[in-house]
Amino acid sequence: MDVSKYNFDDDEIARIQEYRDNQPDVRLKVRFIALLMLAKGFELENVASIVGKSIKTIENWHCQYVEKGIDSLNSFQYKPKQTYLETEQIEEVIAWVKKTNPGKTKEVREYIKDRFKVTYCNEAARKLLKKNGLKIIRPKVIPGKAPSEDEQKETVEKYFDMKSSCKPGTAFLFGDGMHLVHQNIPGLCWGDPKDPPILKTNTGRQRLNILGAYNPDSHSFVHLTGEENCNADRAIEYFDMIIKTYRQELGIVLFLDNASYFKAEIVSKWLEDHPKLQIEFLPPYSPNLNLIERFWRFAKEKLVKNTYYEKYKTFRAKVFQFLNHVDEHVEELRTLMVEKFEIVKTSA
């Protein structure tokens with residue numbers, strides 16, 4: 001292992017200091033002094049020179065610490081009670097990690113020590129997890145009240161049945177509203193962990209309310225955007241815009257979520273007078289079935305992820321520039337906005 005690439009966390013440093021302070025034998029104490037110097041960023045050659053040992057010896061101490069734990073350095077005749085976990089114990093650790101999703105390697109180390117009386121350092125615990133196919137990941141978020149898998153599948157089947165049996169010239173759209181806040185949203189990026197990027201942001205008090213409709217066949221997008229709140233009157237204005245945009249089509253089918261303003265009485269009456277626009281409501285709590293949700297994520301990546309706009313008017317202009325020229329991103333959208341719907345597993 002490359003000594004320079006090992007990162008000691010605060011808990012490890014505190015523990016090494018404790019062993020150093022409680023070790024009366026100078027010959028053993030110097031091992032912990034060497035580790036602390038490495039933890040403080042001293043070059044390997046300098047550590048070896050200061051403690052009067054060879055570079056190879058320092059490397060061996062570090063390797064011993066990583067692979068066998070700190071107790072192995074605290075005695076000349078170290079004999080651990082158990083040098084490794086049995087297969088069944090490892091399986092239990094992996095099952096525990098999958099069930100509890102610990103955020104820190106320290107939690108895994110503590111579980112192993114409490115459960116099996118075996119001491120691991122951070123790097124050894126990481127190796128154990130990686131060897132068994134685990135790694136640091138970002139959890140997926142699903143609605144807590146998602147519809148059943150059967151209901152989701154029936155909705156998808158209905159969509160494709162409608163497309164295959166509809167009259168030629170019918171447009172199928174996915175619609176929804178999004179509130180885009182004038183605020184820099186930090187996203188994953190490459191950078192130097194020793195000098196991580198620091199991004200400016202805003203108070204987030206101003207926002208644009210967007211009602212959009214995405215056509216997965218033509219990859220076209222129409223929107224009604226402004227500072228006005230989304231309500232029944234705004235929904236009617238939105239529907240009217242869609243009808244005018246698709247005036248050449250024989251019919252329009254718009255899939256929506258269950259926002260209350262889409263179901264207001266005045267909106268329902270307006271739709272009765274405009275039968276060309278057919279509204280299909282998706283099951284509650286099923287954003288995975290609405291393709292426009294992917295477009296919203298795409299828009300945020302382009303507009304506000306790791307992007308700072310000092311003035312609201314600049315932010316507003318950039319949003320309109322993007323929304324009005326979605327055609328410039330068609331090549332990216334062809335691979336993103338495919339009609340493959342994720343079915344959220346709802347069984348325990």
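Residues numbered from 1 in each chain as written. Predicted model: local features only at pLDDT ≥ 70, side-chain atom pairs only at ≥ 80, totals over all residues. Heavy atoms only, no water.

J.: Give me the lowdown on the sheet that holds strand 2 (residues 207–215), citing residues and values where you can.
T.: Strands sit in the order 3-2-1-4-5 across an open sheet of five strands; the sheet is mixed. If you trace the sheet from one side to the other, it starts and ends with strand 3 (220–226) and strand 5 (277–281), each paired once. On average, each strand axis in the sheet is tilted by 25 degrees relative to the strand beside it, whichever way the strands run. Bridge analysis of strand 1 (residues 170–181) against strand 4 (residues 251–256) gives five bridges, and the strand direction is parallel. Pairing of Ala171 across the sheet is with Ile252, part of strand 4. Along the sheet, helix 8 (residues 149–165) contacts strand 1, strand 4 and strand 5; its crossing angle with strand 1, the most-contacted strand, is approximately 135 degrees. (Pairing = 2+ DSSP bridges. Helix = DSSP H or I, 4+ residues; strand = E, 2+ residues; numbered from the N terminus. Axes fitted to C-alpha atoms, helices over the stretch in contact; angles between N-to-C directions. Contact = heavy atoms within 4.5 Å.)

J.: Provide a residue-level description of the packing of aromatic side chains, including the pertinent values.
T.: Summed over all chains, the structure comprises 28 aromatic pairs. Its guanidinium or amino end placed over the ring of Phe281, Lys263 lies 4.7 Å from that ring's centre, counting from NZ or CZ. (Phe/Tyr/Trp six-rings, centres within 6.5 Å; stacked < 30°, edge-to-face > 60°. Lys NZ or Arg CZ within 6 Å of the ring centre and 35° of its normal.)

J.: Describe the nonpolar core, and please don't skip the residues or the numbers.
T.: Ranked by size, the top nonpolar core spans 40 residues in total, and within it Ile58, Tyr65, Leu85, Val93 and Ile112 carry the most contacts. Of all the secondary-structure elements, those providing two or more residues to this core are helix 1 (10–22), helix 2 (26–39), helix 3 (44–51), helix 4 (55–68), helix 5 (87–100), helix 6 (105–116) and helix 7 (122–131). Counting residues per element, this core draws most heavily on helix 2, at seven residues. Once you skip the residues sitting within four places of it in the chain, Ile112 turns out to touch Leu85, Val93, Lys117, Val118, Tyr120 and Leu128. One finds Phe172, Phe255, Phe315 and Met337 within the second-largest nonpolar core, a separate group that totals 34 residues. (Core = buried A, V, L, I, M, F, W, Y, C linked by side-chain atoms within 4.5 Å. Buried < 20%, exposed > 50% of the residue type's maximum accessible area, 1.4 Å probe, protein only.)

J.: Tell me about the pairing of strand 4, residues and numbers included.
T.: Burial of strand 4 is extensive: six of the six residues sit out of reach of the surface. Residues Gly251, Val253 and Phe255 of strand 4 are buried on one face, and the alternating residues Ile252, Leu254 and Leu256, pointing to the opposite face, are buried as well. Bridge analysis of strand 4 against strand 5 gives five bridges, and the strand direction is parallel. Bridging from a neighbouring strand, Val253 pairs with Gln278 of strand 5. For the crossover from strand 4 across helix 10 (residues 265–272) to strand 5, the handedness is right-handed. (Right-handed = clockwise from strand over helix to strand, strands pointing away.)

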